[in-house]
Amino acid sequence: MSEKKRKNVFIEGAILPSFIADAIAKHSTKKDIGAHSIFLGQVRNDVINDMEVKAIDYTAYNEMAEEKFHEIRESAFEKYSLTCMHIYHSLGRVNSGEISLFVFTSSRHRKDAIEACSYIVNRIKEEAPVWGKEIFEDESYIWKQNTP
Amino acid sequence: MKIKILAFGVIADITGKSEWTIENIHHTDELKKHLENLYPRLKNMKYAIAVNLLITSGNFEFTDGVIVALMPPFSGG
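Residues numbered from 1 in each chain as written. Chains lettered and ligands numbered in written order. Predicted model: local features only at pLDDT ≥ 70, side-chain atom pairs only at ≥ 80, totals over all residues. Heavy atoms only, no water.

What about the overall build of chain B?
Here is step 1 of the chain: Scanning chain B from terminus to terminus reveals 2 helices and 5 strands.
Here is step 2 of the chain: Ordered by position from the N terminus, the helices and strands of chain B form the series β-α-β-α-β-β-β.
Here is step 3 of the chain: Computed over C-alpha atoms, the radius of gyration of chain B comes to 12 Å, within 12% of the 11 Å expected from 2.2 N^0.38 for 77 residues, which places it in the range of a compact globule.
Here is step 4 of the chain: For chain B, the spread of C-alpha atoms along the principal axes amounts to about 35 × 25 × 20 Å. (Helix = DSSP H or I, 4+ residues; strand = E, 2+ residues; numbered from the N terminus. Rg over C-alpha atoms; globule rule 2.2 N^0.38 Å.)

Here it is, written out as structure tokens:
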């Protein structure tokens, strides 16, 4: 197991645009970076059986998720030449139109940042023990299913 | 032998609880049978079983005190 400190991935509620802006701004001191790639997952107002999704309530198996996020980070650093990487995922309620996943990769040249970002997002969708409950106007819900 | 069960997502809805302890269940096949008897809806469901944070495959033997998580397909992001 790596000695690197575990990073906190989970954020309670939506990930705010100002948080994302700050994260970008913090990189202005790292002048060896030539490319950033960012993925933002936004809660979509799907209509299911005539009812519109107004929010997603996320729960996770925290202990296992932290372990998995760490593993994904390590593996992305091994596979790609990255200067840095940040992953944030919401827990709890996020309204439609708000951001629930923020993946941010930086590298000297664009290829590594872009490919690593996509690699990380795919692995999170497939392997992170996180569950989203899609909540409708009347507070009824169904459990979300990820599209491949 | 005691094991701790954690249920997530739709499985916690079906069982009506997210954490409990059971005794005298020795491996994952026996656990599945036990749960499917109590909660028939689980029979038609796809779910993974993790033991002490690692996802199991095939029939997995428990040891005393393990934490067993019942996990429906993930839907994060």
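Regarding the pairing of strand S7 (residues 130-136) of chain A
Side chains on a regular strand alternate between the two faces of the sheet.
Residues and elements named next belong to chain A.
Here is step 1 of the chain: Burial analysis of S7 places 7 of its 7 residues in the buried class, which makes it a mostly covered element.
Here is step 2 of the chain: Here S7 shows a buried face lined by Val-130, Gly-132, Glu-134 and Phe-136 and a second buried face lined by Trp-131, Lys-133 and Ile-135.
Here is step 3 of the chain: One ladder, built from 7 bridges, connects strand S4 (residues 51-60) with S7; its direction is antiparallel. In the sheet register, Tyr-58 faces S7, and the bridge partner there is Gly-132. (Buried < 20%, exposed > 50% of the residue type's maximum accessible area, 1.4 Å probe, protein only. Pairing = 2+ DSSP bridges.)

Some points on the sheet that holds strand S1 (residues 2-7) of chain B
All names here are of chain B.
Here is step 1 of the chain: A sheet is described by the order of its strands in space; here 5 strands give the open sequence S2-S1-S5-S3-S4, paired in mixed fashion. The sheet terminates laterally at strand S2 (19-23) and strand S4 (54-55), the two strands that pair on one side only.
Here is step 2 of the chain: As paired elements, S1 and S2 share 5 bridges and run antiparallel to each other. Note that in S2 the partner of Leu-6 across the bridge is Glu-19.

Focus on the environment of Lys-43 of chain B
Here is step 1 of the chain: Positionally, Lys-43 of chain B belongs in the loop between helix H2 (28-38) and strand S3 (48-51).
Here is step 2 of the chain: A sequence separation of 10 residues divides Lys-43 of chain B from Lys-33 of chain B, and the C-alpha atoms of the two residues are 8.9 Å apart.

Structural notes on unusual backbone geometry
Here is step 1 of the chain: For Asp-50 of chain A, which is not glycine, the phi dihedral falls at a positive 70°.
Here is step 2 of the chain: Its location among the elements puts Asp-50 of chain A in the loop between strand S3 (47-48) and S4.
Here is step 3 of the chain: For Asp-50 of chain A, a relative accessible area of 77% puts it in the exposed group.
Here is step 4 of the chain: One non-glycine residue, Leu-53 of chain B, lies in the positive phi region at around 80°.
Here is step 5 of the chain: With respect to the element layout, Leu-53 of chain B can be found in the loop between S3 and S4.

By themselves, these observations are geometric and do not establish any function.
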